[in-house]
Amino acid sequence: MRRFGIALAGLAAILAAEACATREAGAGSDTTNASPIYGVTIPAGYRGWELIAPALEADPLNELRAVVGNSVAIEAYRAGTPPFPDGTVLVKLAWRRAQSPEFEPASVPGAATTVQVMVKDSKKYAATGGWGFGRFVDGKPVDEAQHQTCFACHEARVRRHDYVFTRLAP
């Protein structure tokens, strides 16, 4: 448990440092980088958004993850009752878990794996619970087959929480 706490502290520090960085190439409204099916893009400025919660994903993914949200998402989380309003945007950043070179018991982010985006628009995405999805590797959307699995997973596991896995960290 102590290792996880140390890893979370390290992850929070990295997110804070990255919040000051320039937005990632290909982010924003560039429709050439839109996800298939949903047309979702990586939102500009998301690295400066507030942290909702970190997560540690076990094998086989072996990832550290952090979910951030725009101001609409943060207000909805603080209100504490789904459904999330239209305009909510959630972004999950994921990295391979690596051992800290400075402190052996700690896990820290290694190579980036994906950026995943959920956008709430109840009219545009009515067929998928009001949510549009995007999964990106190196700033580019993954193929349509991978996007076809997004809603099915959310529907099967978190329908009662407006299709959102992440809860606000205390």
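Residues numbered from 1 in each chain as written. Predicted model: local features only at pLDDT ≥ 70, side-chain atom pairs only at ≥ 80, totals over all residues. Heavy atoms only, no water.

Trainee: Outline the environment of Leu56, listing residues and values.
Mentor: As for its position among the elements, Leu56 is in strand E1 (residues 50–57). By relative accessible area, Leu56 is classed as partly exposed at 37%. The spacing of Leu56 and Ala66 is 10 residues in sequence and 8.8 Å in space, taken between C-alpha atoms. (Helix = DSSP H or I, 4+ residues; strand = E, 2+ residues; numbered from the N terminus. Buried < 20%, exposed > 50% of the residue type's maximum accessible area, 1.4 Å probe, protein only.)

Trainee: Just give me the short version of the sheet that holds strand E4 (residues 107–120), but keep the residues and values in it.
Mentor: Overall, antiparallel pairing links the 6 strands, which are arranged E1-E2-E3-E4-E5-E6 in an open sheet. At either end of the open sheet lies a strand with only one pairing partner, and these are E1 and strand E6 (140–141). Where strand E2 (residues 63–69) and strand E3 (residues 89–99) come together, 7 bridges link them in antiparallel fashion. When the bridges of E3 are listed, Gly69 appears paired with Leu90. The strands touched by helix H2 (residues 71–79) within the sheet are E1, E2 and E3, with E1 carrying the most contacts at an inclination of about 80°. (Pairing = 2+ DSSP bridges. Contact = heavy atoms within 4.5 Å. Axes fitted to C-alpha atoms, helices over the stretch in contact; angles between N-to-C directions.)

Trainee: So what about the confidence of the model for the protein chain? Which residues, and what values?
Mentor: The predicted coordinates of low-pLDDT regions are not to be read in fine detail. Per-chain confidence: the protein chain averages 87 in pLDDT, with 82% of residues scoring 70 or above. Counting contacts from residues 12–28, a segment whose pLDDT is below 50, to residues more than four positions away or on other chains yields 24 contacts. (pLDDT = per-residue confidence, 0-100.)

Trainee: Can you tell me about the packing of aromatic side chains, naming the residues and giving the values?
Mentor: Centre distance and the angle of the planes are the two values used to describe a pair of aromatic rings. The full count for this structure, using the stated rule, is 5 aromatic pairs. Taken together, a centroid distance of 5.1 Å and an interplanar angle of 50° make the contact between Phe151 and Tyr163 tilted. Placement of Phe151 in helix H4 (residues 150–158) and of Tyr163 in the segment after H4 is noted, with a sequence separation of 12 residues between them. Both residues of the pair, Phe151 and Tyr163, count as buried. Grouped by ring-pair contacts, the aromatic residues Tyr38, Tyr125 and Phe133 constitute a single cluster. (Phe/Tyr/Trp six-rings, centres within 6.5 Å; stacked < 30°, edge-to-face > 60°.)

Trainee: Just give me the short version of the nonpolar core, but keep the residues and values in it.
Mentor: Of all hydrophobic cores here, the largest spans 31 residues; its most connected members are Leu90, Val91 and Trp131. Broken down by secondary-structure element, the contributors of at least two residues to this core are E1, E2, H2, E3, E4, strand E5 (131–137) and H4. Top contributing element to this core by residue count: E3, with 5 residues. The residues touching Leu90, leaving out its near neighbours within four places in the chain, are Ile52, Val67, Val68, Gly69, Ala73, Tyr77, Gln116, Val117, Met118, Trp131 and Val164. (Core = buried A, V, L, I, M, F, W, Y, C linked by side-chain atoms within 4.5 Å.)

Trainee: Quick rundown of the environment of Gly45? Include the residues and the values.
Mentor: Tracing the sequence through the fold places Gly45 in the loop between helix H1 (2–19) and E1. What makes Gly45 partly exposed here is its relative accessible area of 36%. Distance from Gly45 to Asn70, taken between C-alpha atoms, is 9.4 Å for residues 25 residues apart in sequence.

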